[in-house]
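Spelled out, the chains give:
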Amino acid sequence: MTTFLRYQSPEPDAKGRHVGVFGLVNTLARQGRLTADQEHFRRTHNAWYDAAYTDPTTVDPTVYDEAVNPGAAAWFRATATHLFGPIDGYLAILAAHDVPCVRLESDDPGRVVYEDAHQIVVVPTAVRSEGAP
């Protein structure tokens, strides 16, 4: 059984980071590319996620600091199944805008710099990738 899951862009951005599923959809929103229904989904579910789990930067402001933790990325714990429900909606938005996203699975995605009951943040190592719908 896989221990950790992540959804992200298959290609790095200009800064060399693989943007996660939430960041990809939020970027579309900032660019004004979402339909009214997509924007409603994004706002509603982003608020739900904000309420459902801790923002790691509220515990450790340096968790995503590139100088301290280069390439740090958040991963869901596979046991946090209550957090996976809305993911298909985010993936549908990305697919509607031809934005690729892959699902990564790993038992050891990297050096852990933050963890709680729902997620970890790691400085990454090698992972296995599968195309996400």
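Residues numbered from 1 in each chain as written. Predicted model: local features only at pLDDT ≥ 70, side-chain atom pairs only at ≥ 80, totals over all residues. Heavy atoms only, no water.

A.B. asks: An account of the nonpolar core is needed here, citing residue identities and associated values.
C.D. replies: The biggest cluster of nonpolar side chains holds 21 residues, and the ones touching the most others in it are Val21, Phe76 and Ile87. The set of elements that each furnish at least two residues to this core consists of strand E1 (4-8), helix H1 (21-30), helix H2 (36-52) and helix H4 (87-96). When near neighbours in sequence (up to four residues on either side) are disregarded, isoleucine 87 contacts Tyr7, Val21, Phe22, Tyr49 and Phe76. Counting residues in hydrophobic clusters, the runner-up holds seven residues, among them Phe4, Trp75, Leu104 and Val122. (Core = buried A, V, L, I, M, F, W, Y, C linked by side-chain atoms within 4.5 Å. Buried < 20%, exposed > 50% of the residue type's maximum accessible area, 1.4 Å probe, protein only. Helix = DSSP H or I, 4+ residues; strand = E, 2+ residues; numbered from the N terminus. Contact = heavy atoms within 4.5 Å.)

A.B. asks: Which residues make up H2, and what values do they have?
C.D. replies: A rise of 1.5 Å per residue sets the reference length of H2, with its 17 residues, at 24 Å; its end C-alpha atoms lie 24 Å apart and thus fit the reference within 8%. Buried residues of H2: Gln38, Glu39, Phe41, Arg42, Asn46 and Tyr49, and no others. Buried positions in H2, seen along its axis, are confined to an arc of 155° and lie on one side of it. In this structure, H2 carries Ala36, Asp37, His40, Arg43 and Ala51 as exposed residues pointing more than 90 degrees from its buried face. Buried residues belonging to H2 abut H1, strand E2 (73-77) and H4. (Expected span 1.5 Å × (residues − 1). Arc of directions from axis to C-beta.)

A.B. asks: Can you tell me about the packing of H1 against H2, naming the residues and giving the values?
C.D. replies: Here H1 crosses H2 at 140°, and the two axes come no closer than 11 Å. Relative to H2, the element H1 is oriented oblique. The hand of the H1/H2 crossing is left-handed. On H2, the residues that touch Phe22, Val25, Asn26 and Ala29 of H1 are Glu39, Arg42, Asn46 and Tyr49. Along the lines of polarity and charge, the residues of the contact of H1 with H2 split into four nonpolar, two polar and two charged. (Axes fitted to C-alpha atoms, helices over the stretch in contact; angles between N-to-C directions. Parallel < 35°, antiparallel > 145°, perpendicular 65-115°, else oblique. Left-handed = near helix turned anticlockwise from the far one by under 90°. Nonpolar A, V, L, I, M, F, W, Y, C, P; charged D, E, K, R; others polar.)

A.B. asks: Give a detailed account of the pairing of strand E5 (residues 119-124), specifying residues and quantitative values.
C.D. replies: Counting buried positions along E5 gives five out of six residues, so the element sits mostly inside the fold. With five bridges connecting them, strand E4 (residues 110-115) and E5 associate as antiparallel partners. Looking across to E5, one finds that valine 112 is bridged to valine 122. Between E4 and E5, which pair antiparallel in sequence order, lie three residues. (Pairing = 2+ DSSP bridges.)

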